[in-house]
Structures are given as structure tokens and as C-alpha cells.
Amino acid sequence: MFLYFTSTDLDSTESPFMADPFAPLRKSVTKEAPTPRYLGRYSGKLYPPPSRDMTTRLPEFLPDGPRPFIPDPSFLPGDQDIIANQGDVAVLPCTVQHLGTRQVSWNKVGGEHFLSIGTEVWVQDANLEVVHYTWPAGVGEWNLVFREVRAQDAGVYECQIISTEKIIWKVKLTVVDKPPHKPEIRIEGKSFVESGQSVYLRCNTTEGDRIPDDVDWFKDGDKIEAKEYPNVVITKFRSRDTMSLVSELVISPGTSNDSGTYICRSSSELIASVEVNVLVADSSNVKRGTGVSHTQIGSGYNAGSPLQNPKIYFTGNVLLVCLSVLVSMCINRLNT
């Protein structure tokens, strides 16, 4: 068996039995620009050479001079013990200064999840909301609000600034039973009204734990109806805060016919009454201490008395003198 080698396969400087396997690579590539087929390692180096940092970083531009001082966020003093009646609105305050780009969260001590982050509520509870207010000097409020607080809402809550350090503000919420309202009814308004002015009466009634269904108005025992009393306007509205029904009666303008006893009666038969007097004064009466009055109390001034009016007193004396002179002249003529 014979082995045959050509000059193109072997290096002329080497032995036929010591062929250089990298001879084709050295002939076809250069150190400056290797061909795509032989990209990789050659001559003990990696092409292209790797950079020290393979990640791309944007250049950082710092302003001239020292950096501005940014204070750390902090909580401002506030109420940390909130007591609310069951069913009322409860507000847990949390006021932060210099918050910057950080977020504020609320959670209940012992709970597993955040209640809110920022103004977003993270639990399925329509009774909760976060009310945010912004004030000058980098001050902001992140108040946790219970629309209708319940007994199970009582506990300790934490308002936390989300950062590397744990900065929290604790607020204790105590829920107490709302005291029951006693059934009552009352009327407010003026008992004496001058003619031409409006008569205004306000009836406020409650049945304790519930709002009355309705109230009726009466004048001198007769129920006030729109057809019989067209000048009377009656309005009604309910108040959940006081569990009461409020009705207002307005007569404008008031006349002497509107004087009488007005009664407000609730649907639970609670009754309150008031006596209304519409004062009618003629031109000779004194109103609010001015003018002339026929009625005198004590030592008052009477312009009709001749002793109090010197003009009338003087005129009367002159007439008497003239009458005396005429009488004497007639007597003298008769004698002659």
C-alpha cells in the first residue's frame, strides 16, 4: 500500500508525516479580517474581542454643583385613636410629608393582605375607600374611610410608606353601638309675626331607631290641604344622621287669617303644637316704638292733649279772649 501526497496538501517545510491541520486556515484567513467560515478562535485569541461590560448603559448626566437636599418622608402628627358609632362614617387619618415618588399603603394588623396601595383598594369591600388630598410644602393626606363602619372593622391599622425602611403610622379604630334615639317631636318657629311677613314653622320628629313614615299639619283642628290652603307650602325631607323626618311649613305673606293653633302630628301619633299670632296694626298704632298709639302704659306722651301741645293751648286762649271781647261789645251796644 502506497501513500501519495501532493504539494498542495502538505507544507513544504514540514515532513509528509507531520501534516499541519491548520494550514488551510492560515492560507485562507488573515489576522485582521477572518472570513465568516472561520470566525472564532484562532492564534489563541477570540475574535471579535469581548468588551469588559456586555450590558448597555445610558450615559449619566449630573448637574453642575452639589445635588439638592431631598428630605426623607415622614408622618405628621394626627389623631391615632378613633371612636365611631356603628353605622357612621369613620375616617382614619394619615398625613405624609415629602413622600416623593413613593407609595402609601394601608393594612390591618393581623391581616394577610394590603387593604390599599395609593388610592386603589386591593380588597373586595365596597365599604372602603382612600381619600387623597394634596397640600403645599409637600404634604399629602391618605385617609382610610369606612362609609358605614361595622363592629368587625375595629382594630389597629397601619399606614405605611413603601420604601427600603419600614416607616409606619398606627391608628386604632374603636366601634361602639350607636345610642338609641328616643321618640320625640317638636316645633320651631316664631309665635308672633307681623302682617306681611312670612310665617315659618319647622317640625322635627323621630321614632327612635327608625324614621317616621309621614307627618300631617293642622290649623285649629282642620287638616291643612293644598286646595283649602293655597298660600301654605309644606316640604318634607328625611335625615339618616338623626333618624328623623323634618317638615317645614311656610305662609307668605302672613295675614290675620293665618293666626291660630298649628299642630304637627307624626305617623306614630306624636303631637306638637304652637300658637301663631299675626299682628295687624293700623296707622295710629305704634310699631317698634315709633308713631302714635291710642293705648298708653305709664306716663307716655300724648300729642292730642292741649297741655302737652303748646300750639293748641295758645290757640285756645286767643279764641277765648276774642269771644269775651265780642260779648262785652254786644252788651255795651244794647245798653246804649
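Everything numeric here is computed off the predicted structure, so don't read it as measured data.

K.L.:
Which residues make up the overall build of the chain, and what values go with them?
P.N.:
In terms of helices and strands, the chain carries two helices and 22 strands. Evaluated residue by residue, the chain yields a buried proportion of 26% over its 336 residues. The long-range share in the chain, meaning contacts at least 24 apart out of those at least 6 apart in sequence, stands at 55%. Summed over its atoms, the accessible surface of the chain is roughly 24,600 Å², and 57% of this surface lies on carbon and sulfur atoms.

K.L.:
Can you lay out the state of the cysteines for me, pointing to particular residues and giving the numbers?
P.N.:
The tally for this structure, following the rule as stated, stands at two disulfides. Between Cys94 and Cys159 runs a disulfide, and the two sulfur atoms are separated by 2.0 Å. With the S-S dihedral at roughly -70 degrees, the linkage between Cys94 and Cys159 falls on the left-handed side. Of this pair, Cys94 sits in the loop between strand E5 (90–92) and strand E6 (95–97) while Cys159 sits in strand E12 (residues 155–162), and the two are 65 residues apart along the sequence. Note on Cys159: relative accessible area 0%, which makes it buried. Across the disulfide, Cys203 is cross-linked to Cys264 (sulfur-sulfur distance 2.0 Å). Across the disulfide from Cys203 to Cys264, rotation about the S-S bond amounts to roughly -80 degrees, and the bridge is consequently left-handed. On the criterion of sequence distance, the pair formed by Cys203 in strand E16 (residues 199–206) and Cys264 in strand E21 (residues 260–266) is long-range, its members being 61 residues apart.

K.L.:
Give a description of the sheet that holds E12 that names residues and reports values.
P.N.:
With respect to topology, six strands assemble into an open sheet ordered E4-E13-E12-E7-E8-E9, the strand pairing being mixed. Each of the sheet's edge strands pairs with one partner strand only, and the pair in question is strand E4 (81–85) and strand E9 (120–121). Relative to strand E8 (residues 116–117), strand E7 (residues 103–108) runs antiparallel, the two being bridged by two bridges. Paired with Ser105 across the two strands is Ile117, which belongs to E8.

K.L.:
Explain the side chain of Ser116 residue by residue, including any values.
P.N.:
Relative to the elements of secondary structure, Ser116 occurs in strand E8. The residues touching Ser116, leaving out its near neighbours within four places in the chain, are Val104, Ser105, Trp106, Val121, Trp122 and Val130.

K.L.:
Which residues make up the side chain of Asp153, and what values go with them?
P.N.:
When you line up the elements, Asp153 lands in the loop between strand E11 (139–146) and E12. Asp153 sits in the buried class, given a relative accessible area of 6%. At 2.9 Å, the side chain of Asp153 forms a polar contact with the backbone nitrogen of Arg150. The residues contacting Asp153, other than those within four sequence positions of it, are Lys108, Asn127, Phe146, Glu148 and Leu173.

K.L.:
Got a sec to walk through the environment of Asp220? Specific residues and values, please.
P.N.:
Mapped onto the elements, Asp220 comes out in the loop between strand E17 (215–219) and strand E18 (222–223). With relative accessibility at 43%, the residue Asp220 sits in the partly exposed group. Once the C-alpha coordinates of Asp220 and Ile263 are considered, the two residues, 43 residues apart in sequence, prove to be 8.0 Å apart. In this structure, Asp220 is in contact with Ser259, Gly260 and Thr261, ignoring residues within four places of it in sequence.

K.L.:
Report on the sheet that holds E21, specifying residues and quantitative values.
P.N.:
Across the sheet, five strands lie side by side as E15-E22-E21-E17-E18; this open sheet has mixed pairing. Looking at strand neighbours, the two that pair on one side only are strand E15 (192–194) and E18, the edges of this open sheet. Pairing analysis gives two bridges linking E17 to E18, with the strands arranged antiparallel. By the bridge assignment for E18, Phe218 is matched with Lys223.

K.L.:
Residues and numbers for the pattern of salt bridges, please.
P.N.:
Taken as a whole, this structure holds 15 salt bridges when the rule is applied. The salt bridge involving Glu207 is made with Arg210; its shortest N-O contact spans 2.4 Å. Using a relative accessible area of 17% as the deciding quantity, one classes Glu207 as buried. A salt bridge links Arg265 to Asp216; the shortest N-O distance between them is 3.7 Å. Here Arg265 is found in strand E21, whereas its partner Asp216 is found in strand E17, with 49 residues between them in sequence.

K.L.:
Kindly report on the confidence of the model for the chain, identifying the contributing residues and their values.
P.N.:
In the predicted model, the chain carries a mean pLDDT of 76, and the fraction of residues at 70 or more is 66%. Low pLDDT (under 50) marks residues 35–48, which in the prediction has 18 contacts with non-local residues, meaning those over four places away or in another chain. This stretch, residues 283–314, has a pLDDT under 50; its non-local contacts, to residues over four places away or in other chains, come to 19 contacts.

Conventions adopted
- Per chain, residue numbering runs from 1 following the sequence as it is written.
- Where local features are concerned, this predicted model is filtered to residues with pLDDT of at least 70; where side-chain atom pairs are given and counted, the filter is 80 or more; whole-chain, interface and lining totals use all residues.
- Only hydrogens and water are set aside; all other atoms, that is, all heavy atoms of the structure, feed into the side-chain values.
- Labels follow the DSSP assignment, with helices taken as runs of H or I lasting at least four residues and strands as runs of E lasting at least two, numbered in each case from the N terminus.
- Each residue gets one of three labels from its accessible area relative to the maximum for its type: buried under 20%, exposed over 50%, partly exposed in between, using a 1.4 Å probe on protein chains only.
- Only heavy atoms matter for contacts: two residues are in contact if any of them lie within 4.5 Å across the pair.
- Only the protein chains shown count as cover for residues, with accessible areas throughout obtained via the Shrake-Rupley method and a probe of 1.4 Å.
- Any cysteine sulfur atom paired with another within 2.5 Å is treated as part of a disulfide.
- Pairs of strands are assigned from DSSP output, requiring at least two bridges between the strands.
- Polar contact criterion, stated in full: a pair of N or O atoms within 3.5 Å, where within protein one must be able to donate a hydrogen and the other to accept it, and residues adjacent in sequence count only if both atoms are side-chain atoms.
- Salt-bridge detection follows one rule: a side-chain nitrogen of Lys or Arg within 4 Å of a carboxyl oxygen of Asp or Glu.
- Each residue carries a pLDDT score, the predictor's confidence in it, ranging from 0 to 100.

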